[in-house]
Amino acid sequence: MSLSFGAVVVTYFPTDGQLANLHTLLRSCPRLCVVDNTPEAGDWHGDLVEAGIAVLHNGNRGGIAGAFNRGIAELEARGAELFFLLDQDSVLPPGYFDDMCKAATSAGERAEGAAFLIGPLVHDTNLDALIPQFGLEGKRVYQFDLRKPFIEPLVRCAFMISSGSLISRAAWTKIGRFDERYVIDHVDTDYCMRALRSEVPLYLNPAVVLRHQIGDLQARSLFGWKIHVINYPAARRYYITRNALDLSLAHVRAFPAILFINVYTLKQILPMLIFERDRLRKSLALMFGVLDGLLGRLGGIREARPRVGEYLSRKSG
């Protein structure tokens, strides 16, 4: 069975190299939709349109979630049955679309109504290692031992990052749109939780490994221990903290393991206070993030807290 597919690529101040990569993607994905989150439309939009690539200027409305929603709606209108989500710097391994579509055909035979999400193994180029992957058994979440080969061609999992993943049209219909109130961080975590609660299975395709840079990690030494500093801007610290807490409160009864997404926030506090720049604003971002996460105050930071948002979003220096 041949499934029609398309890909959404979200751009934000793309480099010349990333724009060239979009032309390369077009060779293996005829239905390519670029959603540009850069505040002002760029001159490069016309070049992509002339090459046959659909370009939508989103201007960061609804953040990454808004871009996904607009792009998938465009692909759906063009008859795609599978929606791939890619970053502007995604460099795909050979045969990526063929291997993922083959997995989708297999998943469609397993999943009722052909509703499913599939993600590849992801190799973090910063750490030069595969990112942890988690399986699901009932409500129990466990970590896969990635040193051992997978036996099954498709493995049920609990979470996946958006980059490199695919959503079937039936899953999109059943789960609905990405929640634009989360703007950027944990948008994919929220979607996975809603998928599981809607009984839409998540699958890991271990035959495909996507190389992906997660943040801008720098290795530092603290009392002889190697730690990683990511140096997110203050506004990102706010979203990470707030969204993790809100998701925990929303899904903890159905999936108690969701509480562990807050561990990342906690692990980053000490490295942030010791090694990062702009520590005062980032500390305030954490505090407001905790408060708004507990209160359920979502949306863009400039709308949720105008004065705080202006302060946290201001460039340092």
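The notes below deal with the structure included here. Bear in mind that the values here come from a model prediction, so they are computed numbers and not experimental data.

### Some remarks on helix α1 (residues 16-28)
Each full turn of the α-helix corresponds to 3.6 residues, which orients residues three or four apart in the same direction.
Thought 1: For α1, every residue scored as buried is listed here: Gln 18, Leu 19, Asn 21, Leu 22, Leu 25 and Leu 26. Around the axis of α1, the buried residues are gathered within 155 degrees of arc, so they sit on the same side. For α1, the exposed residues lying more than 90 degrees away from the buried face are Asp 16, Gly 17 and Arg 27.

### Regarding the packing of aromatic side chains
Thought 1: What the rule picks out here adds up to 14 aromatic pairs.
Thought 2: Consider the rings of Phe 5 and Phe 97, whose centres lie 5.1 Å apart with planes at 20 degrees: the pair is stacked. Here the residue Phe 5 occupies a position in strand β1 (residues 5-11), and Phe 97 occupies one in helix α4 (residues 96-110), the gap between them amounting to 92 residues. Across the pair, exposure class does not vary: Phe 5 and Phe 97 are buried alike.

### Quick word on the pattern of salt bridges
Thought 1: Summed over the entire model, instances satisfying the criterion amount to eleven salt bridges.
Thought 2: The salt bridge involving Arg 147 is made with Asp 145; its shortest N-O contact spans 3.0 Å.
Thought 3: Looking at Arg 147, the relative accessible area reads 75%, which means it is exposed.
Thought 4: Under the relative-accessibility criterion, Asp 145 is labelled partly exposed at 28%.
Thought 5: Of the charged contacts in the structure, one is a salt bridge between Arg 297 and Asp 292, with a shortest N-O distance of 4.0 Å.
Thought 6: Residue Arg 297 is classed as partly exposed on the basis of its relative accessible area, which comes to 33%.
Thought 7: The exposure class assigned to Asp 292 is buried, which follows from its relative accessible area of 0%.
Thought 8: Three or more residues joined by partner-sharing salt bridges are found here, namely Arg 237, Glu 276 and Lys 282.

### Quick notes on the pairing of β1
Thought 1: The buried count for β1 comes to seven of seven residues, which makes it a mostly enclosed element.
Thought 2: Here β1 shows a buried face lined by Phe 5, Ala 7, Val 9 and Thr 11 and a second buried face lined by Gly 6, Val 8 and Val 10.
Thought 3: Here β1 pairs with strand β2 (residues 32-36) via five bridges, running parallel. Paired with Thr 11 across the two strands is Asp 36, which belongs to β2.
Thought 4: On the question of chirality, the crossover connecting β1 to the parallel β2 by way of α1 is right-handed.

### Focus on the environment of Ala 51
Thought 1: Its place among the elements puts Ala 51 in the loop between α2 (44-50) and β3 (54-57).
Thought 2: Along the backbone, Ala 51 and Asp 278 are 227 residues apart, and their C-alpha atoms lie at a distance of 42 Å.

Definitions and limits used
Residues numbered from 1 in each chain as written. Predicted model: local features only at pLDDT ≥ 70, side-chain atom pairs only at ≥ 80, totals over all residues. Heavy atoms only, no water. Buried < 20%, exposed > 50% of the residue type's maximum accessible area, 1.4 Å probe, protein only. Helix = DSSP H or I, 4+ residues; strand = E, 2+ residues; numbered from the N terminus. Arc of directions from axis to C-beta. Phe/Tyr/Trp six-rings, centres within 6.5 Å; stacked < 30°, edge-to-face > 60°. Salt bridge = Lys/Arg side-chain N within 4 Å of Asp/Glu carboxyl O. Pairing = 2+ DSSP bridges. Right-handed = clockwise from strand over helix to strand, strands pointing away.

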